[in-house]
Amino acid sequence: MDLSSSISTVRRHTSKIAPLASTPVLFILLSSLASTAEAYDPLDPNGNITIKWDVMQWAPDGYVAVVTMFNFQQYRHIQAPGWMLGWTWAKKEVIWSMVGGQATEQGDCSRFKGNIPHCCKKDPTVVDLLPGTPYNMQIANCCKGGVISSWVQDPANAASSFQISVGAAGTTNKTVRVPKNFTLKSPGPGYTCGAAKIVKPSRFVSQDGRRTTQALMTWNVTCTYSQFLAQKTPTCCVSLSSFYNDTIVNCPTCSCGCQNNITQPGSCVEGDSPYLASAINGPGKSSFTPLVQCTSHMCPIRVHWHIKLNYREYWRVKIAITNFNYRMNYTQWNLVIQHPNFDNLTQIFSFNYNSLTPYGGINDTAMLWGIKYYNDLLMQAGPYGNVQSELLFRKDPSTFTFQKGWAFPRRIYFNGDNCVMPPPDAYPRLPNDNPQLKGSLCLPVIILWATLTWLLIYVQ
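Residues numbered from 1 in each chain as written. Predicted model: local features only at pLDDT ≥ 70, side-chain atom pairs only at ≥ 80, totals over all residues. Heavy atoms only, no water.

Here we take up the overall build of the protein chain. Check the secondary structure of the protein chain and you find 6 helices and 28 strands. Pairs at least 24 apart in sequence give 71% of the contacts found in the protein chain among residues at least 6 apart. Total accessible area computed for the protein chain in this model is approximately 23,500 Å², and 57% of it derives from carbon and sulfur atoms. (Helix = DSSP H or I, 4+ residues; strand = E, 2+ residues; numbered from the N terminus. Contact = heavy atoms within 4.5 Å. Areas by Shrake-Rupley, 256 points an atom, 1.4 Å probe, with all protein chains shown as cover.)

Have a look at this one:
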């Protein structure tokens, strides 16, 4: 099966939503909804995961299909412990066998004699197989532990597949019924899947390009992500500093929750605690429940933006990402940063860079991620739990300024989740950009003017 041809086929079926982003009224409406539910991502308006179900051949009592999940999200990926795909059968179908994946539960198969199906549940849940699976149990794009890369960061690994043999189903296009109630977990909630839609059968081109085959039947399911559904609280925050002000603006207090050892004991641990090792290996380790270092913000991830240097024609920024989660190593992490000066980014050190243009020709959004085998792994909280880089920007005389917080980012995403920013009135200010200072300088002038006015009136 040719992955590129499959992707182009799915792209054609999902491209109908693209014109929506170009409609100004609808764009404003969706942007306002995003502020409350985060169900619409203005920086990736067409991002989704498309599940393609290709019936490849008929069986005596059903069919054999290849199910592929394509991640068309530019910067949001599925990390360990991986995806979980579920659905509800329309009739009394069973799964006879699987390659490249497995059902988590077999269910009640007592009505079968002799050959026992792989799964008899009405609502099965399927997971990917782990790396190192024997070759006779693999197919293309399988066996990565459920990890799916983002479309921009690693397109070659932005898909995951498994083969499924379905019994007690129809054996023709007219008798087969598509499953319903699809769910996708990554591994927790966050994705909402629409109904399966029958589309034109997928076409596959041979490696030599001389022959084309097609599926017997194909249906697609589109799943979209909502940060509001994925977690009750944010997962990252932003702190700010600059060379021209000694003030360090920390993440807002309780950005991702508050310390509460009364109602939630053990929700965080001090970095120098003698019980740190036992807390890390305690309850919640197997379920990847976050165990964060006790901080004022209580976020697993902090992104720090520091305005480092100012040159005649350039200015330099340092970015540091710190992991406060003792139970998570972030593989293939990424940042998305929105700032108007990214259209004049001159050089970036030790990070990969790709420009995102969610608003057409406006180049103000950048995606950054680590270099493979160098810093693409953000280690768990501790002395090695951070990565950093520097960015060099060319100044545009018509727009550049250090005043009123212009040099700080508009928004930052980590692994696709919107990070909590400090309030704009707390940003580090230039020494001569302090409104209180301006007020104190104006006061003597006002007093002098009032005095002169009074003297003139008195003389007259």
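This is not the end of the story, as more comes after the structure.
This part covers a nonpolar patch on the surface. Taken together, the side chains of Leu377, Met379 and Tyr384 present a nonpolar region at the surface, about 320 Å² in accessible area. Position of Leu377 among the secondary structure elements: in strand β25 (residues 377-378). (Patch = residues over 30% accessible without salt bridge, like charges linked within 9 Å, V, L, I, M, F, W, Y side chains within 5 Å. Salt bridge = Lys/Arg side-chain N within 4 Å of Asp/Glu carboxyl O.)

Here we come to the packing of aromatic side chains. Tallied over the full model, the rule gives 26 aromatic pairs. With a centroid separation of 5.5 Å and an interplanar angle of 85 degrees, the aromatic rings of Trp87 and Trp89 are classed as edge-to-face. Ring geometry for Trp315 versus Trp406: centroids 6.4 Å apart, planes at 50 degrees, classification tilted. Placement of Trp315 in strand β19 (residues 314-323) and of Trp406 in the loop between β26 (386-394) and β27 (411-414) is noted, with a sequence separation of 91 residues between them. Trp406 shares its class with Trp315; the two are buried. Through successive ring pairs, a cluster of aromatic residues spans Phe243, Tyr244, Trp315, Phe342, Phe393, Phe400, Phe402 and Trp406. (Phe/Tyr/Trp six-rings, centres within 6.5 Å; stacked < 30°, edge-to-face > 60°. Buried < 20%, exposed > 50% of the residue type's maximum accessible area, 1.4 Å probe, protein only.)

On to the environment of Leu129, then. Residue placement: Leu129 occurs in the loop between β6 (125-128) and β7 (159-167). On the basis of relative accessibility, which here comes to 8%, the residue Leu129 falls in the buried class. The spacing of Leu129 and Gly146 is 17 residues in sequence and 7.3 Å in space, taken between C-alpha atoms. Residues in contact with Leu129, not counting those within four places in the same chain, are Gly100, Gly101, Gln102, Met137, Cys143, Lys144 and Gly145.

What follows is about the sheet that holds strand β5 (residues 101-103). Ordered by their spatial adjacency, 4 strands build an open sheet running β5-β6-β3-β8, and the pairing between neighbours is antiparallel. In this open sheet, the two strands that pair with only one neighbour each are β5 and β8 (180-185). Within this sheet the neighbouring strands show an average axis-to-axis angle of 20 degrees, counted without direction. (Pairing = 2+ DSSP bridges. Axes fitted to C-alpha atoms, helices over the stretch in contact; angles between N-to-C directions.)

This brings us to the pattern of salt bridges. Using the criterion set out here, one finds 6 salt bridges in the structure. A salt bridge links Lys52 to Asp54, with the shortest nitrogen-to-oxygen separation between them at 2.3 Å. Of the two residues, Lys52 and Asp54, both sit in the buried class. A salt bridge links Glu390 to Arg316, with the nearest nitrogen and oxygen atoms 2.8 Å apart. Of this pair, Glu390 sits in strand β26 while Arg316 sits in strand β19, and the two are 74 residues apart along the sequence. Pair check on accessibility: Glu390 and Arg316 agree, each one buried. Where salt bridges share partners, they join Lys308, Arg316 and Glu390 into one cluster.

With that settled, consider the side chain of Thr322. As for its placement among the helices and strands, Thr322 is situated in strand β19. Given a relative accessible area of 17%, Thr322 falls into the buried group. Leave out the neighbours within four places in its chain, and Thr322 touches Pro300, Ile301, Arg302, Gly385 and Asn386.

Attention now goes to the nonpolar core. By size, the foremost hydrophobic cluster in this structure holds 38 residues, and its most contacted members are Trp305, Trp315, Ile319, Ile321, Trp333, Leu335 and Phe414. Of all the secondary structure elements, the ones that give two or more residues to this core are β14 (236-242), β18 (301-310), β19, β21 (334-338), β24 (365-370), β26 and β27. Look past the residues within four positions of Ile321 in its chain and what remains in contact with it is Ile301, Arg302, Val303, Trp333, Leu335, Leu378, Gly385, Asn386, Val387 and Phe414. Counting residues in hydrophobic clusters, the runner-up holds 35 residues, among them Ile78, Ala103, Val126 and Ala169. (Core = buried A, V, L, I, M, F, W, Y, C linked by side-chain atoms within 4.5 Å.)

For Val336, the position within the fold is in strand β21. What makes Val336 buried here is its relative accessible area of 0%. Remark: the alpha-carbon pair of Val336 and Ala366, spanning 30 residues in sequence, is separated by 5.6 Å. The contacts of Val336, once residues within four sequence positions are left out, are Leu43, Tyr75, Leu356, Thr365, Ala366, Met367, Arg411, Ile412 and Tyr413.

Whether parallel or antiparallel, the strands of a sheet pair through hydrogen bonds between backbone atoms. Sheet architecture is open: 5 strands sit in the order β23-β24-β21-β27-β28, paired in antiparallel fashion. Taken across any chain shown, the strands that pair with only one partner, and hence form the sheet edges, are β23 (351-356) and β28 (417-418). Bridge count for β21 against β27 is 4 bridges, and the pairing is antiparallel. Within β27, the position partnered with Gln338 by the bridge is Arg411.

What follows deals with unusual backbone geometry. Residue Pro81 is reached from Ala80 by a cis peptide bond, and omega for that bond is 10 degrees. By secondary structure assignment, the location of Pro81 is in the loop between β2 (62-71) and β3 (84-88). We note that Cys254 has phi near 60 degrees; this positive angle belongs to a residue other than glycine. In this structure, Cys254 sits in the loop between β15 (245-249) and β16 (268-269). Residue class for Cys254 comes out partly exposed when judged on its relative accessible area of 29%. Non-glycine residue Met298 carries a positive phi angle of around 60 degrees. By the element assignment, Met298 lies in the loop between β17 (292-293) and β18. For Met298, a relative accessible area of 8% translates into the label buried.

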